[in-house]
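# A closer look at the structure
Listed below are the residues making up each chain.
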Number of protein chains: 2
Amino acid sequence: MKLSNLFHPSSVAVIGASRKKGAVGREVLTNLIQSFDGEIFPVNPKADKIEGLKCYDRISKVPSYVDLAVVAVPAPIVPDVLQECSDAGTKDAIVVSGGFKEVGEEGAKLEEELATIARDNGLNVIGPNAIGVISTSSNLNASFAQEMALPGNISFMSQSGAFCTAVLDWANEVGMGFNHFVSLGNKAVLDEIDLIEEWDRDEGTEVILAYLEGIKRGSKFIERAKEVTKSTPIVVVKAGKTEEGASAAESHTGTITGSDDAYNAAFTQSGVIRAENIEELFDFGSILAHQSPPDTRKVGIITNAGGPGVMATDALDGYGLELAALQQSTLNKLEGVLSSLASRQNPIDLTGKADEKDYREALSYIIEDENVDSVLAMSAPAAIFSYPELTKVLADARQKTDKPIVGALMGGKLEPEAQDNLKNAGVPNYFDPARAVRALSALVKYGDIRRMDRSTPGHLTVQKEKAEEKLEELKETGNRVVGLEGLEVLDHYGIPTTPAKLARTPEEAADLAEDIGSLVVLKVDSSQIVHKSDAGGVKVGVEPADVAWEFQSMIDNLSDTQPGAEINGIRVQEMVEGEEVIVGSKRDPQFGQLIMFGLGGIYVEIMKDVSFRVAPVSTTQAREMVESINGYPILEGVRGKEGVDVDSLVNIVQRVSQFAVDHPEIGELDLNPVIASSKGAWVADVRFRFTQ
Amino acid sequence: MKLSNLFHPSSVAVIGASRKKGAVGREVLTNLIQSFDGEIFPVNPKADKIEGLKCYDRISKVPSYVDLAVVAVPAPIVPDVLQECSDAGTKDAIVVSGGFKEVGEEGAKLEEELATIARDNGLNVIGPNAIGVISTSSNLNASFAQEMALPGNISFMSQSGAFCTAVLDWANEVGMGFNHFVSLGNKAVLDEIDLIEEWDRDEGTEVILAYLEGIKRGSKFIERAKEVTKSTPIVVVKAGKTEEGASAAESHTGTITGSDDAYNAAFTQSGVIRAENIEELFDFGSILAHQSPPDTRKVGIITNAGGPGVMATDALDGYGLELAALQQSTLNKLEGVLSSLASRQNPIDLTGKADEKDYREALSYIIEDENVDSVLAMSAPAAIFSYPELTKVLADARQKTDKPIVGALMGGKLEPEAQDNLKNAGVPNYFDPARAVRALSALVKYGDIRRMDRSTPGHLTVQKEKAEEKLEELKETGNRVVGLEGLEVLDHYGIPTTPAKLARTPEEAADLAEDIGSLVVLKVDSSQIVHKSDAGGVKVGVEPADVAWEFQSMIDNLSDTQPGAEINGIRVQEMVEGEEVIVGSKRDPQFGQLIMFGLGGIYVEIMKDVSFRVAPVSTTQAREMVESINGYPILEGVRGKEGVDVDSLVNIVQRVSQFAVDHPEIGELDLNPVIASSKGAWVADVRFRFTQ
């Protein structure tokens, strides 16, 4: 594999190895000596021996080939050292030295130098400003962390070194193990994308956990993570959800869309599970490391305490899971186990009289039930059984089924034997049944992810050149913001519009309305009037006969309320009836064009009932966008109203996606409103902003 | 205090004391002997001595006065035993015997007998079917729980006995203490209301925690809890949020409103904090037990790790708290502490170079800052300081300020010394900064609760008798569901309506419209057509000149689509323009009339943007209802539109509340739509259902 020398080296050099206790170069060396079975070469021109090992002046002097270099020298000489490594044939390095981008401009320059050398020489570099790498499957602690990790099948990366040390301290105490444990540092060369690809191919890694503060190569991340999550779950906690005060936006889409929406969309599209906090990150990781996703959301609950069983049922609902309806045959079999007081429905309440044999029997029936796809086993402590016994029941059940089992054996800390039973069986256990259900929900979610559509968005036939010509023309006017006059561009992308023709006089307007022959909409054409409705520059539902009069009245009003605004005329447009929706795009610095769909009208900004995906979007994704808004039932048709033509909306979303991707110079785009009816959907107004 | 013999007895009798190991009567006795300093009298006619104590045949034979009886005899003789207790002068009892309501009809009868005896004799009875009562301040373990609780200032009650045992097991391990610890059992006599009142007066109780499955005396609960929460916080976890399949409802309000909405409204109105799960229950309890609510939501964060600081900031946002903007003087003082790499803004990042002295100094400046009202102290483990040192810094800081301090000292389990430092200072600590912030948010919420409006809803002047007359008249028609013809009832309650006069012929309709003189709405009058709009029985915006024709056309259509429906005619109503909202009520079996407010139109059922309060609602509460819906900005006026007259809506909500309270026979009520404009609000349609 590409990074095998990083995670499975046979020899490691510590460049900047130090005799000074507490120095990073000393800590790394000590950690290596304590953990690593392969060859270790301290490199330090000022020392002969450190910790009993012969020291070398430089890496080129090391007599044998070195797989991996850990670099702990002062920042200014790191670039040279990396060049030397490369020259000596060492292509993998971990730079633990600080003093780069994190300290300001000077450091950022050094970091660029470092990255250039790595790129030019094909080096795999973790860091700089990293704590290092731990790989339990290679007995490798190439870090200055204070502890070695326990072995396990979770691989973890963190963009915060401090968080690494906290996690390691905690994990060692609770017995959570890792395969690889990486402090990413400044990600000058290798980043999260390289690691998820490497770990996906890695047999020792069942689940990837990451603490990230940002993703730079957004599109690439989606592309690769989408592949990785087919077979290896990825759970990410992303710091920095709170938005900075939004910069002045020129569109509804721009106003509503924050950078966190882009992250959420990207994670959804790539099948990455986003943990809301640290507790979720590790709860999700633990269950994904040991159990397989269930086929459905149907859960069987077994308990010896009714009330907490009800709490678990509440939690199922909260996390989108369902109580399984047990088969009649299961209920019949349970008759034998249950006391007269027991609940015969799911959740199965064995009552406080149940011992571990009753649990064993009831559990076996529930697991066999075809309507049950995962099991939550709960209990309050009882004198009639011990937790070592009850956990054995759960562990044995796991042997007999692939259906997930989680525990909510309530009370204080379990006895070591009980803990071991659960750990060996891979059954997570929590006091709080809601937390157990949440863990289970991550497994269910990963099942959905495995099955999700990963098709590449198709390319629709459009007249890209014609659109480009028109865009050039619009740019030449010098206006960065384009309004109704931009409708023609959409025509070239096959996006249905209701043409809005420009009238310069009341008579022209009346003639245009006459041609349309039904109610029309009048809209002022002026790049200087941003909020046309608010300014009185829009009039809907005008009879053709009244158009001339309304034209004049609008112009007169606007000359009062918007003095000095340059008005090109008034556009006349057929009035189409239907539900108003909005389709928009906004360019995100990390992920490219972010596409938005939502209910239109005044609801868009207030209700924020919108959905996002990163472009390009596939047909399935476009449909998900339309169907996932809360107001979707309105589009489906409610209270006797006919539903709208959803396919037309899906089509518009896809075409907008393609338009945005083809024209990265579009910084923001609003199609608002798009009028959707049972007969189709038409864009009635457009607004976009060029970034250049 | 009323229940002082229950929680602070000087003598306890165990009726049904048993020699048999494992028997409940034996466990209770053993627990008492091990804990209690007062006199203990076993009562059992078949024994002379148990555990070395002289046994009595019956409680009347006990030579001295007995404060408290624990009853552990078989269910059928419990009523007689209670009568004997009463006759012997013992007015407080805990019935741990099972075999009552929980086993079916027979048991339920016994339980009624028990309750009657208690009521007739003025007995205070906990249970039946309870585990018992623990009171650490009296060294009293009058339960068959396997352990005694640790002392503390939290009092806890649980409707689930099994949950009690789980909590006790866990609490003793993590070191959480309780003042009183009560298993409520079946609540035949004493319930949560009695206990919150008792514990509010109890000096040893700083916070009340409860696990409840239901509240029977709903209005009383609100009335009393509202008083208690002025000085004693109450946190409740309520099992059973998931709704049963809603029964067929006759109104929008009925369709949307579930029993959990009533609980949420009741908790909001009474200042009870609802915990979503067990983790929240005890996290909230711990912080409320030791710290006082801050004045504002402004939080100062101090950390040695930037990334986790960002996570904490995200969490603040998620829990409705705010990052404090530090004063310039604080920033100046911090200059001296901070390394060149440190963040000078809140969250203050001291960087990994900070030792405990830096924390001490920085913390003192932040606490002094007037813009900071609570502090989150975070850290990753670092070689430069130890957690015993850092926790000492936090503990010392707590000595100097009333501002809340919570910790997110990350890593594994703290050293005992560090744990003690935090515990003695009452500083909760969590690995996950989000969890620390959530705990803090409970404290902030309790601050809001202390300050909340507790005024008694005023009584508005209405014509109750006239309304009653009209209601009687409507009832006499035999229709349980009343439509537009009910508008008159609202008039008597001072609720503005747009009159809808009944026309039986096209000509009558045209005349009515002529009188109105502007656009009208036509609505079919038929108790057999439930969804008028869907059936084509509503036509809005009709010109008076078109009314006759539209009348005929509607009748013709309906005779096709609703064959056999009895149609009284068509009502003609002035068409008022404005925002559509809905005001409704639904009778809840526990809490009485539940009032709903929300955005109307098709959005009400799909968006469910509604708010609830239990009637009667005060002016402040009615205003909160209106202001708390997501769509409130629409009512305030958006994009150049004038806002609506919110006071009129508040007034309607209050009058509906009074109407619903005055007429408990109204099971469901919809005012939908209520049309609100800048000039006022008018009810355009009504629908209600009688329960009898």
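The notes below deal with the structure included here. If you're wondering where the values come from, they're calculated on a predicted model, not measured in any experiment. (Residues numbered from 1 in each chain as written. Chains lettered and ligands numbered in written order. Predicted model: local features only at pLDDT ≥ 70, side-chain atom pairs only at ≥ 80, totals over all residues. Heavy atoms only, no water.)

### A closer look at helix 13 (residues 356-368) of chain A
All names here are of chain A. For helix 13, which comprises 13 residues, the first-to-last C-alpha distance of 18 Å matches the rise-based estimate of 18 Å (1.5 Å per residue) to within 8%. All of the buried residues in helix 13 are E356, Y359, A362, L363, Y365, I366 and I367. At its buried positions, helix 13 is contacted by strand 17 (298-303), helix 12 (328-335), strand 19 (348-349), strand 20 (374-379), helix 14 (387-400) and strand 21 (405-409). Regarding helix 13, its N-cap is D355, as a side-chain oxygen of that residue lies 3.0 Å from the backbone nitrogen of K357 further along. (Helix = DSSP H or I, 4+ residues; strand = E, 2+ residues; numbered from the N terminus. Expected span 1.5 Å × (residues − 1). Buried < 20%, exposed > 50% of the residue type's maximum accessible area, 1.4 Å probe, protein only. Contact = heavy atoms within 4.5 Å. Polar contact = N/O pair within 3.5 Å; in protein donor to acceptor, adjacent residues only side chain to side chain.)

### What about empty space enclosed by the protein?
Residue and element names in this part refer to chain A. Taken as a whole and judged by the stated rule, the model has four cavities of 30 Å³ or more. By volume, the largest cavity amounts to about 110 Å³. As for the largest cavity, its lining consists of 14 residues, and the residues nearest its centre are G483, E485, S526, S527 and K532. Taken together, the residues of the lining of the largest cavity sort by class into five nonpolar, four polar and five charged. Among the domains, domain 3 (456-498 + 576-692) and domain 4 (502-574) are the pair contributing at least three residues each to the lining of the largest cavity. (1 Å grid on protein atoms, 1.4 Å probe; cavity = no way out; pocket = protein on both sides within 12 Å on 5 of 7 lines; lining within 4 Å. Points joined across faces, edges and corners; volume = space filled by probe spheres on them. Nonpolar A, V, L, I, M, F, W, Y, C, P; charged D, E, K, R; others polar. Domains from an automatic or database assignment.)

### What to know about the packing of aromatic side chains
Residues and elements named next belong to chain A. For the structure on display, the rule yields 38 aromatic pairs over all chains. With a centroid separation of 5.0 Å and an interplanar angle of 85°, the aromatic rings of Y263 and F591 are classed as edge-to-face. A residue pair is termed long-range when its members are at least 10 positions apart, and Y263 in helix 9 (residues 259-270) and F591 in the loop between strand 27 (579-588) and strand 28 (592-599) qualify at 328 residues. No difference in accessibility class separates Y263 from F591, as the two residues are buried. (Phe/Tyr/Trp six-rings, centres within 6.5 Å; stacked < 30°, edge-to-face > 60°.)

### Points about the packing of helix 7 (residues 218-228) of chain A against helix 9 of chain A
Each pair of packed helices can be described by the angle between their axes along with the distance between the axes. All names here are of chain A. Relative orientation of the contacting elements helix 7 and helix 9 amounts to 30°, with a least axis distance of 8 Å. When the interaxial angle is binned, helix 7 and helix 9 end up roughly parallel. Contact residues: helix 7 offers F221, I222, A225 and K226, while helix 9 offers A266, F267, Q269 and S270. By residue class, the composition of the contact of helix 7 with helix 9 is five nonpolar, two polar and one charged. (Axes fitted to C-alpha atoms, helices over the stretch in contact; angles between N-to-C directions. Parallel < 35°, antiparallel > 145°, perpendicular 65-115°, else oblique.)

### Describing the nonpolar core
Within the largest apolar cluster, 98 residues are counted, with the highest numbers of intra-cluster contacts made by L671(A) and L671(B). Sequence-distant contacts of L671(B), defined by excluding residues within four places in its chain, comprise L490(B), I495(B), V581(B), I582(B), V583(B), I652(B), V656(B), V683(B), D685(B) and V686(B). (Core = buried A, V, L, I, M, F, W, Y, C linked by side-chain atoms within 4.5 Å.)

### Some remarks on the side chain of S135(A)
Residue and element names in this part refer to chain A. Secondary-structure assignment places S135 in strand 8 (residues 132-135). The class of S135 is buried, set by a relative accessible area of 0%. One polar contact links the side chain of S135 to the main-chain carbonyl oxygen of F7, over a distance of 3.2 Å. If we skip the residues at most four places from it in the chain, S135 touches F7, H8, L140, M148, N179 and H180.

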